[in-house]
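Examining the three-dimensional arrangement
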Amino acid sequence: MKKNKKNINPIWGSNFNKQSNPLLEKINSSIDFDKRLALQDLKVSEVHSFMLKRKKIISPSEYKLIIKGLKKIKNLIINKKFKFNKKYEDIHMNIEVELKRLIGDAAEKLHTARSRNDQVATDFKLWIIEASKKLCNEINNLQKTIVKKANLNIKTIFPGFTHLQSAQIVSFAHHLMAYYEMFKRDKERLSNSVTRMNECPLGSAALAGTTFEIDRNLTSKMLGFNKPSSNSMDSVSDRDYALEFLSNIAICGTHLSRFGEDITLWASDQFKFITLSDDFSTGSSIMPQKKNPDSAELIRGKMGRLSGNFISLLTTIKGLPLTYSKDLQEDKEPVFDSFDNLLLSIEVTNGIVNGFKINKNEMLNACKKGNLMATDLADWIVINYNIPFRESYKITAKIINIANKKNYQINDLSENDLNVMGNDSGRKIKKFLKIENSINYKKSIGSTSPKEIRKAIQVAKKELY
Ligand code: ARG
């Protein structure tokens, strides 16, 4: 029987008699998204072919041809002239088919002692390592902006909330620097994961390793990994590095989302703590007076897909038997999507923070309502009258009660009203209850006292510059 081999996959179709159903092509092909791995794939092929030459598995002239072809393909890809074809499924086969077209038979030797299974794991790790570094860089830029703003606002009085109720007076710088710390841990998480994933899967082949005497130490080193991975089955089947990346992104996204929420609240007419810059705000198509914080809301909104992407891959992997299954091809889109959206969110947050105007008066006025110095006062009574905190709590509550009855704030009460401890205490308490002084009273490490904030900013500057 005469076979028409024309439309059958040239790489794996040797024993196939019928060409792929277009629906198979549709579900099986990953080229539309894994083309993002092109440069990593080329690098891996370059290094792999060098090693094959070193180990005399291919000849120097074959190696030369392969490298020449790979270079040509790289140029085509960089100049966006490479024609990706769904028929060749993925990035690995697209490149291999083009290499064959460019250099002929020598291309057929490139896949010696490797499989797409170890190839894709290596490409993907390289991509994630690079992406993690890019994210760290961008977080760094955001932190610089935060520190710059904090430095200008060490003495800017701000109402600290618990339960979104006024709680205690803090410095606005302290609030900003809280995010600095979160982003610092986000960077640490990303780089810890990079350290863990720094083992090279290349040479694990399909799942069992290879018959050829390859040099895995050499390829691992040339690709910038710490060492070759230890178990070929683990290497081709696990994607925990992608999961860590997605979880790191989801955690950082959560921090950004909370920042987005804070910014949205601060910019509202009810708070008016900040005024967003026009270039990060939007208007309404019907309400002419509106200036909406869409950018901050979207940063909050992005968190939905970031956590979804993490759960999606976790679920895909959970029931897979060892080793490789094609389900694993579903690992890429969530990773690319999370990376793109986190990177954008960090950049946008940076723009928002850089551009917002701080309304110190509104912040100060908000501190004048809600008796935010009640805890300061209770502490002061303990220190000055040597009584247990529970008792001073009750005394302070009594003062608040007097103020509430008069519809006053405690610092509006007269010395006489405040004289609950006798002995000139009214005058001393009145003097103590100055809103501007509250942050100076704090003594503990990591508190909102200007001294501690200055220290934190100094440490931050050392970390960033
Ligand atoms: N495109 C595939 C993926 O991303 C490459 C590995 C294919 N391996 C295979 N045995 N079919 O997972």
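Residues numbered from 1 in each chain as written. Predicted model: local features only at pLDDT ≥ 70, side-chain atom pairs only at ≥ 80, totals over all residues. Heavy atoms only, no water.

Another point: the layout of surface pockets. Unoccupied space between atoms shows up once a probe the size of one water molecule is rolled over them. When its volume is computed, the largest pocket comes out at roughly 460 Å³. Contributing to the lining of the largest pocket are 17 residues, with Gly160, Phe161, His175, Arg258 and Asp262 lying nearest its centre. At the level of elements, β1 (157-162), β2 (165-171), α7 (172-196) and α10 (240-267) are the ones that each hand at least two residues to the lining of the largest pocket. The greatest single-element share of the lining of the largest pocket, amounting to five residues, is contributed by α7. Taken together, the residues that form the lining of the largest pocket break down as eight nonpolar, six polar and three charged. (1 Å grid on protein atoms, 1.4 Å probe; cavity = no way out; pocket = protein on both sides within 12 Å on 5 of 7 lines; lining within 4 Å. Points joined across faces, edges and corners; volume = space filled by probe spheres on them. Helix = DSSP H or I, 4+ residues; strand = E, 2+ residues; numbered from the N terminus. Nonpolar A, V, L, I, M, F, W, Y, C, P; charged D, E, K, R; others polar.)

Working note: regular strand, side chains alternate between the two faces of the sheet. As judged from the six bridges shared by β1 and β2, these two strands associate in the antiparallel manner. Looking at β2, one finds that Gly160 is bridged to Gln168. Hairpin connection between β1 and β2: a loop of two residues separates the two successive antiparallel strands, and His163 in this loop has a positive phi of roughly 55 degrees. (Pairing = 2+ DSSP bridges.)

This part takes up unusual backbone geometry. For the peptide bond that leads from Leu322 to Thr323, omega is 5 degrees, which places it in the cis range. Within the element layout of this structure, Thr323 appears in the loop between α11 (294-318) and α12 (332-355). The backbone phi angle of Glu89 is positive, close to 65 degrees, even though this residue is not glycine. Under the relative-accessibility criterion, Glu89 is labelled buried at 4%. A positive phi angle, close to 50 degrees, is found at Asn386, a residue other than glycine. Position of Asn386 among the secondary structure elements: in the loop between α14 (374-385) and α15 (389-406). Under the relative-accessibility criterion, Asn386 is labelled exposed at 72%. (Buried < 20%, exposed > 50% of the residue type's maximum accessible area, 1.4 Å probe, protein only.)

Under the counting rule described, the total for this entry stands at one cavity of 30 Å³ or more. For the largest cavity, the calculated volume is near 50 Å³. Looking at the largest cavity, the residues that line it are Cys367, Lys368, Lys369, Asn371, Leu372, Met373, Gln409, Ile410, Asn411 and Ile435. Here the lining of the largest cavity is composed, by residue class, of five nonpolar, three polar and two charged.

Before going further, it helps to examine the site of the ligand. Near the ligand, the surroundings consist of Ser30, Asp34, Asp90, His92, Arg116, Asn117, Val120, Tyr324, Gln329 and Lys332. The side chain of Lys332 places a nitrogen or oxygen atom 2.5 Å from an oxygen atom of the ligand. Contact with the protein chains covers 86% of the free accessible surface of the ligand, which is 340 Å². Of the residues forming the shell around the ligand, the biggest block, three residues, is contributed by helix α6 (residues 116-151). Here the shell around the ligand is built from residues that sort into two nonpolar, four polar and four charged. (Near = heavy atom within 4 Å. Polar contact = N/O pair within 3.5 Å; in protein donor to acceptor, adjacent residues only side chain to side chain. Areas by Shrake-Rupley, 256 points an atom, 1.4 Å probe, with all protein chains shown as cover.)

Another point: the pattern of salt bridges. If you walk through the whole model with that rule in mind, you get 21 salt bridges. Notably, a salt bridge pairs Asp331 with Arg239, separated by 2.8 Å at the nearest N-O pair. On the criterion of sequence distance, the pair formed by Asp331 in the loop between α11 and α12 and Arg239 in the loop between α9 (232-237) and α10 is long-range, its members being 92 residues apart. Just as Asp331 is buried, Arg239 falls in that class too. (Salt bridge = Lys/Arg side-chain N within 4 Å of Asp/Glu carboxyl O.)

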